[in-house]
Amino acid sequence: MKLKHTKTVSILAFAAVLLLLAGIGCTNKEVGTDTMASVNGRKITRSEVQKFYDSQVADAPQKPTSEQADTLRLNILNQLINNEILMQRAEKLGLLATDEEVNAKLTEIKAPFTQQQFDQRLKERGITLDDFKRDLRRSITIDKVMNKEVTSKIDITDQDITDYYNQHKAEFNLIEPQYHLAQILVTSQPNPQIKNMKAQNEADARKKIQMVENRLDSGEDFATVAMSYSEQPETAQNGGDLGFIPESSLKQDKTAFEAISKLKPGQYTAVLPVMAPNTTQVFGFRIVKLLGKEPAGQRELKDPRVQQAIREQLRDRREQLLKAAYYEVIRDQAKVQNYFAQDILKEAANGK
């Protein structure tokens, strides 16, 4: 059983907003203006989407083909259309994000960073603070609409949980112990996608991981340090959370397992080397924290963690379904003109 862990790290909001800032760009030959699409008469401009497209492809290893570029543009333009529909819906419902809400969320997002680090992240993405706050306002507004129109209407009953458990009881029988871990990883390999104190070689990596260990030893929060310094992008934004790892997987690294198996929940290891696959070369270094441990055996329905895991899983499934249906309904009710899509079809008809 993989019991779902509730994250307490607010930087998820920062990652979500940055994804909103990483999108698209195009031209609109047919309309001949700066308009790529319109929603109930409101324009989505080429200059708006160009910023997103440039950010999306900036770190691509190779330039996308014409077809790939247009597919990317269509996909994210479609998202911007959906966002505009939701913003207009928010106006009708009186749910537009207030200045106080935007400033409070901005303060929360900036908390793990110094002002200099935060400004540098904005600069790397080619956006201003006003750009960031505008997209943050849109993100908060959309969340408020979806909560009122969808999430607040989801009700998972005790009977729903019981029925699911009875039908999937085997999922809650752990055949071996599992360890809930988080880690801070520093590598010795250059990576252009990581710009915050990225170690460029083994010497840099050793210095950086020592600095990380010193911060942890001085009492700094593990998750916050992971978000600021870990070089594993897919986990850093979640405070280094790796989820639940089966004991058999951990034993593949004897040194790491010996260190982790001695920990109590809340404790972390000393610096551990990370070896490159199939070699004896040091790839990097890491510090691992034990968040919790699940022994082998059947988990019963009366276990609050089982109930919570089922409740969250059922809620997530129902929310995905209702959101998909909601998007379809509100889009059907809107008057949408996608001029870029029309241009693509006309060019194909003309044999271009």
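Every value quoted in this text rests on a predicted model; they were computed, and no experiment measured them.

Reading across the sheet, the 3 strands line up as β2-β1-β9 and stay open at both edges, with antiparallel pairing between neighbours. Looking along the sheet, the strands with just one partner apiece sit at the ends: β2 (42-45) and β9 (336-338). Strand-to-strand, the axes of this sheet are offset by a mean angle of 25°, without reference to chain direction. Alignment of strand β1 (residues 35-39) against β2, held across 4 bridges, turns out to be antiparallel. Opposite Ala37, over in β2, you have Ile44 as the bridge partner.

Right, let's talk about the packing of helix α3 (residues 66-93) against helix α13 (residues 304-333) for a bit. Two elements in contact, α3 and α13, have axes whose closest approach is 10 Å; the angle formed by their N-to-C orientations is 80°. With respect to α13, the axis of α3 lies roughly perpendicular. For the pair formed by α3 and α13, the contact residues are Asn78, Ile81, Asn82, Ile85, Leu86 and Arg89 on the first element and Tyr326, Tyr327, Ile330 and Arg331 on the second. The residue inventory of the contact of α3 with α13, partitioned by class, reads 6 nonpolar, 2 polar and 2 charged.

The sheet built from 4 strands is open, its strands ordered β5-β4-β7-β6 with antiparallel pairing. Each edge of the open sheet carries a strand with a single partner, namely β5 (241-246) and β6 (272-275). Here the average twist between neighbouring strands, direction ignored, is 45°. As paired elements, strand β4 (residues 178-187) and β5 share 5 bridges and run antiparallel to each other. The residue of β5 that forms the bridge with His180 is Phe244. Relative to strand β7 (residues 282-294), helix α8 (residues 202-217) is tilted by about 30°, and along the sheet it contacts β4 and β7.

Attention shifts here to α8. Over its 16 residues, α8 runs 22 Å from end to end, which matches the ideal 22 Å to within 8%, given 1.5 Å per residue. Among all positions of α8, only Ala205, Lys208, Ile209, Val212, Glu213 and Leu216 are buried. Down the axis of α8, the sector holding all buried residues measures 140°, keeping them to one side. Opposite the buried face of α8, at more than 90 degrees from it, the exposed residues are Lys207 and Asp217.

Scoring rules and cut-offs
- Residues numbered from 1 in each chain as written.
- Predicted model: local features only at pLDDT ≥ 70, side-chain atom pairs only at ≥ 80, totals over all residues.
- Heavy atoms only, no water.
- Pairing = 2+ DSSP bridges.
- Helix = DSSP H or I, 4+ residues; strand = E, 2+ residues; numbered from the N terminus.
- Axes fitted to C-alpha atoms, helices over the stretch in contact; angles between N-to-C directions.
- Parallel < 35°, antiparallel > 145°, perpendicular 65-115°, else oblique.
- Contact = heavy atoms within 4.5 Å.
- Nonpolar A, V, L, I, M, F, W, Y, C, P; charged D, E, K, R; others polar.
- Expected span 1.5 Å × (residues − 1).
- Buried < 20%, exposed > 50% of the residue type's maximum accessible area, 1.4 Å probe, protein only.
- Arc of directions from axis to C-beta.

These results come straight from atomic positions and should not be treated as a statement about function.
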